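Descriptive analysis of the structure
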Amino acid sequence: MIDLVPIGEVDDAAIERLLDDAFDSERHGRTAYLLRAGTASIPTFSFAAIEDGALVGSIQCWPIWFVPDRSDMRAVPMILVGPVAVTPSRQQDGIGRRLMGAALDAAQNDAAMMLIGDPEYYGRFFNFSAEHTALWRLPGPVERRRLLARGATVPTGAGEVGARCTVA
Ligand SMILES: CC(C)(COP(=O)(O)OP(=O)(O)OC[C@H]1O[C@@H](n2cnc3c(N)ncnc32)[C@H](O)[C@@H]1OP(=O)(O)O)[C@@H](O)C(=O)NCCC(=O)NCCS
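Residues numbered from 1 in each chain as written. Predicted model: local features only at pLDDT ≥ 70, side-chain atom pairs only at ≥ 80, totals over all residues. Heavy atoms only, no water.

Topic: the site of the ligand
Note the threshold: Near is defined per residue: the residue qualifies when any heavy atom it owns lies within 4 Å of the molecule or strand. Polar contacts, as counted here, are pairs of nitrogen or oxygen atoms within 3.5 Å of one another; within protein the pair requires one atom able to donate a hydrogen and one able to accept it, and residues that are adjacent in sequence qualify only if both atoms are side-chain atoms. Only the protein chains shown count as cover for residues, and all accessible areas are computed by the Shrake-Rupley method using a 1.4 Å probe. Going along the chain from the N terminus, every DSSP run of H or I of four or more residues is numbered as a helix, and every run of E of two or more is numbered as a strand. Note on residue classes: Ala, Val, Leu, Ile, Met, Phe, Trp, Tyr, Cys and Pro are nonpolar, Asp, Glu, Lys and Arg are charged, and everything else, Gly too, is polar.
Inspection of the region around the ligand gives 18 residues, with Gln 92, Gly 94, Asp 118, Tyr 121 and Arg 124 positioned closest. Between the ligand and the protein, one listed contact pairs an oxygen atom with a side-chain N or O atom of Arg 124 at 2.7 Å. Compared with its free state, where it exposes 890 Å², the ligand has 73% of that area covered by protein. For the shell around the ligand, the secondary structure elements donating two or more residues are β4 (76-86), α3 (95-106) and α4 (119-126). Ranked by residue count, the leading element in the shell around the ligand is α4, at five residues. Partitioning the shell around the ligand into residue classes produces nine nonpolar, four polar and five charged.

Details of the pairing of strand β7 (residues 147-150)
To be explicit about the condition: Buried residues are those whose accessible area, probed at 1.4 Å on protein chains only, stays under 20% of the maximum for their type, while exposed residues exceed 50% and partly exposed ones sit between those limits. Paired strands are those between which DSSP finds at least two bridges.
Residues of β7 alternate between two faces, with Leu 147 and Ala 149 on one and Leu 148 and Arg 150 on the opposite face, all of them buried. The sheet contact formed by strand β5 (residues 113-116) and β7 spans four bridges and is antiparallel. Following the sheet pairing, Met 114 is matched in β7 by Ala 149.

Section: the pattern of salt bridges
Basically, it comes down to this: Salt bridges are counted wherever a side-chain nitrogen of Lys or Arg sits within 4 Å of a carboxyl oxygen of Asp or Glu.
Scanning the entire structure with this criterion turns up 11 salt bridges. Close ionic contact of Arg 137 with Glu 160 constitutes a salt bridge, the shortest N to O distance being 3.3 Å. You can see Arg 137 sitting in strand β6 (residues 136-137) and its partner Glu 160 sitting in strand β8 (residues 159-163), a full 23 residues away along the chain. According to the relative accessible area criterion, Arg 137 is partly exposed, its value standing at 35%. A relative accessible area of 41% places Glu 160 in the partly exposed class. Residues Arg 145 and Glu 143 are paired through a salt bridge, measuring 3.9 Å at the closest nitrogen-oxygen approach. Take Arg 145: its relative accessible area is 40%, and that puts it in the partly exposed class. Sharing partners across several salt bridges, the network here consists of Glu 16, Asp 20 and Arg 27.

Structure representation (structure tokens):
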């Protein structure tokens, strides 16, 4: 049986080992890491999946802003989702979907959320799309088709996405 617990209940080093197993060693240089630099993950949106006492998955969410170029628009608080990681031996068994479901539930399904990931997964199961993100600028390179968002307040148009230090 798999239990989802707040990520704060799990040792940071164990989470790092899981992420090392699930991703390549270049992960720290990825744009998503640059985007959230200087912020702390949001405890109520971040979870660990535990099976028989072992860590098998995690999801972390981070506070970010979209700051529009247009001066007549206000900055929009958003939630950066990810990394989402499932230990390789337990992938393809619904754990990723449960972790994402928990984060979406915590956000009450209507917050503006974004992630960098495969649309074939995040679009298919969770309704993320690149529809609004074409003109967003990030602090590093991104494959446009993988820059995804969802939620009623997701901004459209040109602007800068960056770290937010407090949760609005
Ligand atoms: C991507 C990941 C989080 C998915 O979690 P998971 O528990 O393995 O997958 P789930 O059981 O929730 O979903 C399985 C389904 O999604 C599909 N799927 C899984 N990853 C996919 C991907 N990257 N692209 C497209 N489809 C994908 C599977 O084919 C399967 O489809 P099916 O039900 O039709 O057979 C997990 O595989 C993982 O940690 N991968 C390595 C790290 C990573 O890429 N993280 C995401 C970027 S933040």
